[in-house]
Amino acid sequence: MIGGGNSLVGEIEICGAKNAALGILAASLMTDDTVTVENLPDVSDTNVLIQAMESIGAIVDRKDRHTVRINAGSINSLVVESNYIKKIRASYYMLGALLGKYKNASVALPGGCNIGSRPIDQHTKGFKALGANVKISHGRISVEAQKLTGNHIYLDVVTVGATINIMMAAALAEGKTTIENAAKEPHVVDVANFLNSMGANIKGAGTDIIRIKGVEKLHGTTYSIIPDQIEAGTFMFAAAITRGDIMIKNVIPKHLESISSKLIEMGCEIEEFDDQLRVVAAKRLKQTHVKTLPYPGFPTDMQPQIVAALATAEGTSVVTESIFENRFRYVDELIKMGAQIRVEGNSAVIEGVGRLTGASIQAPDLRAGAALVLAALASEGESSIEDIVYIERGYEDFHLKLKSLGADIDKVNGEREILRSKFKVV
Ligand code: EPZ
């Protein structure tokens, strides 16, 4: 339940990157030694992956909310049966990790947010190039190899998931692997750094070409995950859309450049420090155009948040989605709030309306859910947003963090509590 209209002001601490954490957790299965992962976000996607790792015998000991110790020396099955693994995309990272170490794995086909068809052909192309047999049947994907041998792999599309998955399997293959047209996202680099800290030999992560020299085995490590670029970007847009002033702490400003530069075009002021960044929005936002692209371009995971902000801006904006074909499903919800948006093919044409009005809406996926919360915070009147489980996949304590910045927001369960909150019954 959200009461709109408050400017968000204050400081906020950003968690570790969810999408790096997912790769790193899976990669920690690749040694029998103990691995300590720090700065792990406490979100449902990482927690589901941890349960799946435990289901095959890994021992995961949570030292505190953001630190886990993982020991995969006791793995007793290479078949990931866990039912809810289907709910997350990152189940596929267990394939690359287990294939690398045990030359065999079988995992339920990945699920995740419904934002497009999301094929996995580039993952399987990579595994096959390393010498694995890949079988997809009855909702499962199984990979096995006598041995893995390094190879030259050219990715037909820039894909984060396939880049990380191939990198993991190739880390323990015999000989050299080259991944060309690799994804350059900060979380690809973070997983490579993590693997290197375990003794892998990976060079070039963060560029188009990643070179991997296979090693015989990996060892234990202690590693701290990078800050979440998308959580940070979401709070930057929270400042922008509510005409607020937020100091966003524990970030790597370099990872946020494409987001900062759009916010500056939209009339915000950005102050950059070593590991924090301040966003001030003193005036009504201005229109802009943007196209989502692989890193260092504007992230697809920030597309709904910028559309929500532009819905309130002055003038006409065009936002083009070039990564996923079904990532405008939330636009109908914004229209219920008074936004004027037309979706034409893979572009949204947005006529800024000044102020949105509160409505009862539904989160269709993770980032769209967060964007709808931002829209509600900037609206006149009350909004209720259902299906916030999607938001909880990737944002830790989202409503509490917003509340600490002055938002009028409460998490409620069921009709009765919604009515109570609506009429402020205590
Ligand atoms: C990762 O998804 C992220 N998920 C997504 O974050 C993010 O939106 C996406 O990368 C792009 O940055 C995780 O890290 C768990 P891709 P992924 O492979 O790996 C096509 C969020 O909100 N493709 O980089 O599934 C694909 O269809 C989520 O946190 C193939 O054609 O994305 C898409 O058009 C949502 N064949 C493009 O590549 C393949 O084999 C990029 O996808 C693989 C992908």
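Residues numbered from 1 in each chain as written. Predicted model: local features only at pLDDT ≥ 70, side-chain atom pairs only at ≥ 80, totals over all residues. Heavy atoms only, no water.

**Q** Explain the domain arrangement of the chain here, please?
**A** Interface extent is often summarised as the accessible area lost during association of the parts. Domains assigned within the chain are domain 1 (2-15 + 227-423) and domain 2 (18-224). On the side of domain 2, 23 residues touch domain 1, which itself brings 24 residues to the contact. Broken down residue by residue, the surface that domain 1 buries against domain 2 is led by Tyr295, Arg393 and Glu396, which jointly contribute 36%. Applying the counting criterion to the domain 1 and domain 2 interface returns 3 salt bridges. Arg65 serves as the salt-bridge partner of Glu396, at 3.6 Å between the closest nitrogen and oxygen. Residue composition of the side of domain 1 that touches domain 2, grouped by class: 8 nonpolar, 5 polar and 11 charged. (Domains from an automatic or database assignment. Contact = heavy atoms within 4.5 Å. Buried area = accessible area lost by both parts, 1.4 Å probe. Salt bridge = Lys/Arg side-chain N within 4 Å of Asp/Glu carboxyl O. Nonpolar A, V, L, I, M, F, W, Y, C, P; charged D, E, K, R; others polar.)

**Q** Would you mind showing me how to read the site of the ligand here?
**A** Among the 24 residues in the neighbourhood of the ligand, the closest are listed as Tyr92, Gln122, Val160, Asp301 and Ile323. A distance of 3.0 Å separates an oxygen atom of the ligand from a polar atom in the backbone of Gly161. About the coverage of the ligand: the protein hides 90% of its 840 Å² of free accessible area. Of all the elements in the fold, those that place two or more residues in the shell around the ligand are helix 1 (18-27), helix 4 (121-129), helix 5 (160-171) and helix 11 (366-377). By residue class, the composition of the shell around the ligand is 11 nonpolar, 6 polar and 7 charged. If you count residues domain by domain, the shell around the ligand takes at least three from each of domain 1 (2-15 + 227-423) and domain 2 (18-224). (Near = heavy atom within 4 Å. Polar contact = N/O pair within 3.5 Å; in protein donor to acceptor, adjacent residues only side chain to side chain. Areas by Shrake-Rupley, 256 points an atom, 1.4 Å probe, with all protein chains shown as cover. Helix = DSSP H or I, 4+ residues; strand = E, 2+ residues; numbered from the N terminus.)

**Q** Would you explain the sheet that holds strand 6 (residues 79-80) in this entry?
**A** The pairing of strands in a sheet happens through backbone hydrogen bonds and is either parallel or antiparallel. On the basis of which strands lie adjacent, the open sheet formed by 4 strands has the order 6-7-9-8 and mixed pairing. Since the sheet does not close on itself, it has two edges, and those belong to strand 6 and strand 8 (133-137), each with one partner. Sheet topology places strand 6 next to strand 7 (residues 104-108); 2 bridges connect them, and they run parallel. By the bridge assignment for strand 7, Val80 is matched with Val107. Helix 3 (residues 92-102) rests against strand 6, strand 7 and strand 9 (140-144) of the sheet, and its axis sits at about 165 degrees to strand 7. (Pairing = 2+ DSSP bridges. Axes fitted to C-alpha atoms, helices over the stretch in contact; angles between N-to-C directions.)

**Q** Help me understand the sheet that holds strand 14 (residues 221-224), please; the structure alone is not making it clear to me.
**A** Taking strand neighbours across the sheet as the criterion, the 4 strands line up as 4-5-3-14 in an open arrangement whose pairing is mixed. Edge positions in the sheet fall to strand 4 (59-64) and strand 14, since each has one partner strand and no second. Direction aside, the axes of adjacent strands within the sheet are offset by 20 degrees on average. Of the strand pairs in this sheet, strand 3 (residues 34-38) and strand 14 are connected by 4 bridges, and their pairing is parallel.

**Q** Honestly, the packing of helix 7 (residues 229-241) against helix 8 (residues 257-265) in this entry has me stumped. Any pointers?
**A** To characterise two packed helices, one gives the angle between the axes of the helices and the distance between these axes. Interaxial distance between helix 7 and helix 8 falls to 10 Å at its minimum, and their mutual angle equals 10 degrees. With respect to helix 8, the axis of helix 7 lies roughly parallel. In this structure, helix 7 uses Gln229, Gly233, Met236, Phe237 and Ala240 to contact helix 8, whose residues at the interface are Ile259, Ser260 and Leu263. Of the residues in the contact of helix 7 with helix 8, the class split is 5 nonpolar, 3 polar and no charged. (Parallel < 35°, antiparallel > 145°, perpendicular 65-115°, else oblique.)

**Q** Explanation requested: unusual backbone geometry in the structure shown.
**A** Trans peptide bonds make up most of the peptide bonds, and negative phi angles are found at most residues other than glycine. Residue Pro296 is bonded to the preceding Tyr295 through a cis peptide linkage, with omega at 10 degrees. Its place among the elements puts Pro296 in the loop between strand 18 (289-291) and helix 9 (303-311). Of note in the backbone geometry, Arg243 takes a positive phi value of approximately 50 degrees without being a glycine. Tracing the backbone through its elements, the reader meets Arg243 in the loop between helix 7 and strand 15 (245-249). For Arg243, a relative accessible area of 44% puts it in the partly exposed group. Look at Asp397: it is not a glycine, yet its phi comes out positive at around 50 degrees. (Buried < 20%, exposed > 50% of the residue type's maximum accessible area, 1.4 Å probe, protein only.)

**Q** Would you mind showing me how to read the pattern of salt bridges here?
**A** As enumerated under the stated definition, the model contains 23 salt bridges in all. Note that Lys403 is salt-bridged to Asp410, the shortest N-O span being 2.8 Å. By relative accessible area, Lys403 is classed as partly exposed at 37%. Using a relative accessible area of 32% as the deciding quantity, one classes Asp410 as partly exposed. Linked through salt bridges whose partners overlap, the residues forming this network are Asp42, Arg65, Glu396 and Asp397.

**Q** Would you explain the pairing of strand 20 (residues 340-344) in this entry?
**A** Consecutive side chains of a regular strand alternate in pointing toward one face of the sheet and then the other. In terms of strand pairing, strand 20 meets strand 21 (residues 347-351) through 5 bridges, oriented antiparallel. Bridge pairing in strand 21 places Gln340 opposite Glu351. In sequence, strand 20 turns back onto strand 21 through a hairpin of 2 residues, with Gly345 there showing a positive phi of about 60 degrees.

**Q** Where do I start with the packing of aromatic side chains in this structure?
**A** The geometry of an aromatic ring pair is captured by the separation of the ring centres together with the interplanar angle, meaning the angle of the planes. Tallied over the entire structure, the rule returns 5 aromatic pairs. Taken together, a centroid distance of 4.7 Å and an interplanar angle of 35 degrees make the contact between Tyr395 and Phe398 tilted. The exposure class of Tyr395 is buried, given its relative accessible area of 2%. An aromatic cluster is present here, built from Phe235, Tyr395 and Phe398 joined pairwise through their rings. (Phe/Tyr/Trp six-rings, centres within 6.5 Å; stacked < 30°, edge-to-face > 60°.)

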